[in-house]
Amino acid sequence: MTITSRPWLEQLQPYRPGRHAPLADGSMASNESPLGTSPAVVEAVTRAAHGVHRYPDPLADPVRDELARLHGVDADQILVGNGSDELIYLLAMAYLAQGGHAVCADPAYRIDEISTYVVNANLTRVPLKEWAHDLDTMAEVPADIAYVVNPHNPTGTVRDPAEIRGFVERSRARLVVVDEAYIDFTDDPEAMTAIPLVRDGRAVVLRTFSKVHGLAGLRIGYLVGDRDIIATLRKIRAPFSVGMLSQAAAVAALRDTAYREQVRAHTLRLREHVVRLVEAAGYQAVPSQANFVLVVGDEAELMDRLARHGVSVRPGSALGVPGTVRISVPSERGLELLAAALADADHRPTPVDTP
Ligand SMILES: Cc1ncc(COP(=O)(O)O)c(C=O)c1O
């Protein structure tokens, strides 16, 4: 007989990652960059590979210094993690463990839910309102942490900066975690960010290198917050969780602003094409400010139809929104695959009879 896990882990469902398509251009399930990463990143990683017999910089100081300049904060207000997912787990350990209370949207980003259950805390889920966070209702919930994902995953919807500020001011949560994984794909990322709100210690902001920088495979993200919060999280983190190659890649990616702009411009342009294709095929697209589009329709039929054309997307039922699929903005070639799948006359959605 093997050892049994802690009782609260028994009902926990593991995270279901997106599937790769047979061709890279058909992979639209995980909101990765369809344009790869910057050549400067590849060069920096190759150079850094000569030093991998050494432990990495424990706090990723070169990355923190670069980020401090970028965001106009001090380096000790930044914590770099093994993907922003690691930072979400650290927040759960520090502020939710053993009976704490979190509030999130329903549907939520899955790791916010899983990390809460892992530390045996309670979770209140507040249904979205017209696909976006219902901040008024969330603000009423007494909690240790409130998670606001802006733009939201899996819907791509946003709440504007004034709404986020208002939420941080009146929320009954002790700490508001604003996850900005997709902020680079909003109309105005500078105006949109909640980083100015971290000053009074009631909010922290999460960012990732996995999206606009194209570093999903290297696992690196960061948190901007109050010094005391960073100091607490430092106590419980694994000392060398961010590898040397990831650190070198992140610094190079931050310096290659032209590449980042290129990815952003591509994403915004192709997102519109995706919406047009989806709507022309008779489905509803949720208005998105992220690098994906949530499509309302017959989930199984859509998954099947897209798979036949070599396109892999995320089924809504894996994301807490059955009856939808989430399509990541693809490459130009990926868009052609998507267009072929959606134009496939054999699979037009059945018209709904209206009385
Ligand atoms: C809202 C949100 N937060 C965090 C992450 C994870 O980022 P990372 O790859 O840095 O762990 C994702 C990834 O899809 C995400 O959608």
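Residues numbered from 1 in each chain as written. Predicted model: local features only at pLDDT ≥ 70, side-chain atom pairs only at ≥ 80, totals over all residues. Heavy atoms only, no water.

*Asks:* Any chance you could explain the UniProt feature "domain: Aminotransferase class I/classII large" (unreviewed entry) in the protein here in plain terms?
*Replies:* Within this structure's numbering, the places UniProt gives as "domain: Aminotransferase class I/classII large" (unreviewed entry) are residues 28-341. Between the first and last C-alpha atoms of residues 28-341 the distance is 13 Å; the span itself is 41% helix and 18% strand. (UniProt positions renumbered as here; feature names shortened; annotations may be inferred. Helix = DSSP H or I, 4+ residues; strand = E, 2+ residues; numbered from the N terminus.)

*Asks:* Help me out: how do you make sense of the pairing of strand S10 (residues 292-296) in this one?
*Replies:* Sheet faces and side chains relate simply in a regular strand, where the side chains alternate between the two faces. Counting buried positions along S10 gives four out of five residues, so the element sits mostly inside the fold. Where strand S9 (residues 284-285) meets S10, two bridges bridge the pair, whose relative direction is antiparallel. Across the sheet, residue Ala-285 finds its bridge partner in S10, namely Val-295. As consecutive antiparallel partners, S9 and S10 are separated by six residues. (Buried < 20%, exposed > 50% of the residue type's maximum accessible area, 1.4 Å probe, protein only. Pairing = 2+ DSSP bridges.)

*Asks:* Just to check I follow, could you spell out the confidence of the model for the protein for this structure?
*Replies:* Interpretation of the predicted coordinates at a detailed level should be avoided for regions scoring low in pLDDT. Residues of the protein with pLDDT of at least 70 account for 97%, and the chain-wide mean is 95. For the stretch residues 351-355, pLDDT sits under 50, and the model shows zero contacts to residues farther than four places along the chain or on other chains. (pLDDT = per-residue confidence, 0-100. Contact = heavy atoms within 4.5 Å.)

*Asks:* Hey, could you run me through the sheet that holds strand S2 (residues 78-81) in this one?
*Replies:* Backbone-to-backbone hydrogen bonds join strands into a sheet, with any given pair of strands oriented parallel or antiparallel. Pairing is mixed in the open sheet, where seven strands are placed in the order S2-S8-S7-S6-S5-S3-S4. Each of the sheet's edge strands pairs with one partner strand only, and the pair in question is S2 and strand S4 (122-127). Averaged over all pairs of adjacent strands, the angle between strand axes in this sheet comes to 20°, irrespective of strand direction. The pairing of strand S3 (residues 101-106) with strand S5 (residues 143-149) spans two bridges and is parallel. Bridging across to S5, Ala-102 finds its partner in Ile-145. (Axes fitted to C-alpha atoms, helices over the stretch in contact; angles between N-to-C directions.)

*Asks:* Got a minute to help me understand the layout of surface pockets in this structure?
*Replies:* Where empty space is left can be seen by rolling a probe of water-molecule size over the atoms. By volume, the largest pocket amounts to about 540 Å³. As for the largest pocket, its lining consists of 27 residues, of which Tyr-15, Ser-30, Asp-85, Tyr-109 and Lys-211 are closest to the centre. Ranked by the residues each element gives to the lining of the largest pocket, the list is headed by helix H3 (residues 83-95), at three residues. Residues that form the lining of the largest pocket fall into these classes: 10 nonpolar, nine polar and eight charged. (1 Å grid on protein atoms, 1.4 Å probe; cavity = no way out; pocket = protein on both sides within 12 Å on 5 of 7 lines; lining within 4 Å. Points joined across faces, edges and corners; volume = space filled by probe spheres on them. Nonpolar A, V, L, I, M, F, W, Y, C, P; charged D, E, K, R; others polar.)

*Asks:* Please clarify how the site of the ligand should be interpreted in this entry.
*Replies:* Ser-84, Asp-179, Tyr-182, Thr-208 and Ser-210 are the nearest of the 13 residues found near the ligand. Contact between the ligand and Asn-153: an oxygen atom at 2.7 Å from a side-chain N or O atom of the residue. In this structure, an oxygen atom belonging to the ligand sits 2.9 Å away from a side-chain N or O atom of Lys-211. Coverage of the ligand by the protein chains reaches 93% of its 400 Å² of free accessible surface. Of the residues belonging to the shell around the ligand, the class tally is four nonpolar, five polar and four charged. (Near = heavy atom within 4 Å. Polar contact = N/O pair within 3.5 Å; in protein donor to acceptor, adjacent residues only side chain to side chain. Areas by Shrake-Rupley, 256 points an atom, 1.4 Å probe, with all protein chains shown as cover.)

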